[in-house]
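Observations on chain architecture
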Amino acid sequence: LTLVKQWNMEDENDDEELNQYAKLLEIGQPDLIEIKAVTYCGKSDASNLTMKNVPWHSEVRKFAQALCDRTGGKYGTAAEHVHSCCTLLARKDIYLRDGEWYTWINYPKFHQLMKDYYASNGKKTFSSLQYLEKTPSWALWGAAEEGFDPVETRHYRKKKSDKASKTLG
């Protein structure tokens, strides 16, 4: 679900819009819902979007929590990545085990299952339950790391104004 201010998140207090999304979840019953902000790619003749239409992560987070609250406890706020302005809602009955989220993919296991599927000409099927892993603590909703893997190096870009002030000073 990609959020665009003034398109599908008119007003943060608009209960009707959130209620309609909750109805969609009830109908479709997806396992996972990624809620993210639109990415602005510059001016285009094909679109009238501007940076004013891009929600902040705090707004995406608030929307995600409000939507989750309307699911009657079926979904939970599982993970987020602040830099990507992205959140993940997950079905509790599938992905929450003993109070811990399992939304991560074990890729070697997934690829083996795919090989087995193709080798059987589609007869040997599988589900996501067979390749899930525990969600790392740094990826959980509200984690201090904000979705950044601590073993990765995070690079901070300096603002132009900072560079200018250092050059002048």
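Residues numbered from 1 in each chain as written. Predicted model: local features only at pLDDT ≥ 70, side-chain atom pairs only at ≥ 80, totals over all residues. Heavy atoms only, no water.

Some points on the pattern of salt bridges
For the coordinates displayed, the defined rule picks out seven salt bridges. The residue R70 makes a salt bridge to D15 at a minimum N-O spacing of 2.5 Å. Remark: D15 occurs in helix 1 (residues 15–28) and R70 occurs in the loop between helix 2 (57–69) and strand 3 (75–81); sequence separation between them is 55 residues. A salt bridge links K134 to E100; the nearest nitrogen and oxygen atoms lie 2.8 Å apart. Of this pair, K134 sits in the loop between strand 8 (132–133) and helix 5 (160–168) while E100 sits in strand 6 (residues 100–101), and the two are 34 residues apart along the sequence. (Salt bridge = Lys/Arg side-chain N within 4 Å of Asp/Glu carboxyl O. Helix = DSSP H or I, 4+ residues; strand = E, 2+ residues; numbered from the N terminus.)

Describing the confidence of the model for the chain
Confidence in the prediction for the chain averages 89 pLDDT; 91% of positions are at 70 or higher. Within the model, the stretch residues 163–169 combines pLDDT values under 50 with two contacts to residues more than four positions away or in other chains. (pLDDT = per-residue confidence, 0-100. Contact = heavy atoms within 4.5 Å.)

Observations concerning the sheet that holds strand 1 (residues 2–3)
The sheet built from four strands is open, its strands ordered 1-2-4-3 with mixed pairing. Two strands close off the open sheet at either side, each with one partner strand: strand 1 and strand 3. Pairing of strand 2 (residues 32–37) with strand 4 (residues 86–91), which is carried by five bridges, proceeds in the antiparallel orientation. Counterpart to E34 in the pairing with strand 4 is L88. Each of strand 1, strand 2, strand 3 and strand 4 touches helix 2; the most contacted strand, strand 4, lies at about 15° to it. (Pairing = 2+ DSSP bridges. Axes fitted to C-alpha atoms, helices over the stretch in contact; angles between N-to-C directions.)

Notes on the side chain of T77
Locating T77 in the fold gives a position in strand 3. Once residues lying within four places of it in the same chain are set aside, the contact partners of T77 are Q65, C68, L88, L89, W101 and W141.

Comments concerning the nonpolar core
Judged by nonpolar contacts, the single largest core of 19 residues is most densely connected at L3, I33, I35, V60, F63, L67 and L89. Counting residues per element, the ones that place at least two in this core are helix 1, strand 2 and helix 2. Ranked by residues supplied to this core, first place goes to helix 2 with six residues. With residues near it in sequence (within four places) discarded, I33 still touches L25, Y75, T87, L88 and L89. (Core = buried A, V, L, I, M, F, W, Y, C linked by side-chain atoms within 4.5 Å. Buried < 20%, exposed > 50% of the residue type's maximum accessible area, 1.4 Å probe, protein only.)

What to know about the state of the cysteines
If you walk through the whole model with that rule in mind, you get zero disulfides. Here C41 is not cross-linked by a disulfide; its sulfur's nearest cysteine counterpart is in C85, at 14 Å. Taking relative accessible area as the criterion, C41 reaches 74% and is therefore assigned exposed. Left without a disulfide partner, C85 is nearest to the cysteine sulfur of C86, which lies 8.4 Å away. Judged by relative accessible area, C85 falls into the buried class, the value being 12%. (Disulfide = S-S within 2.5 Å.)

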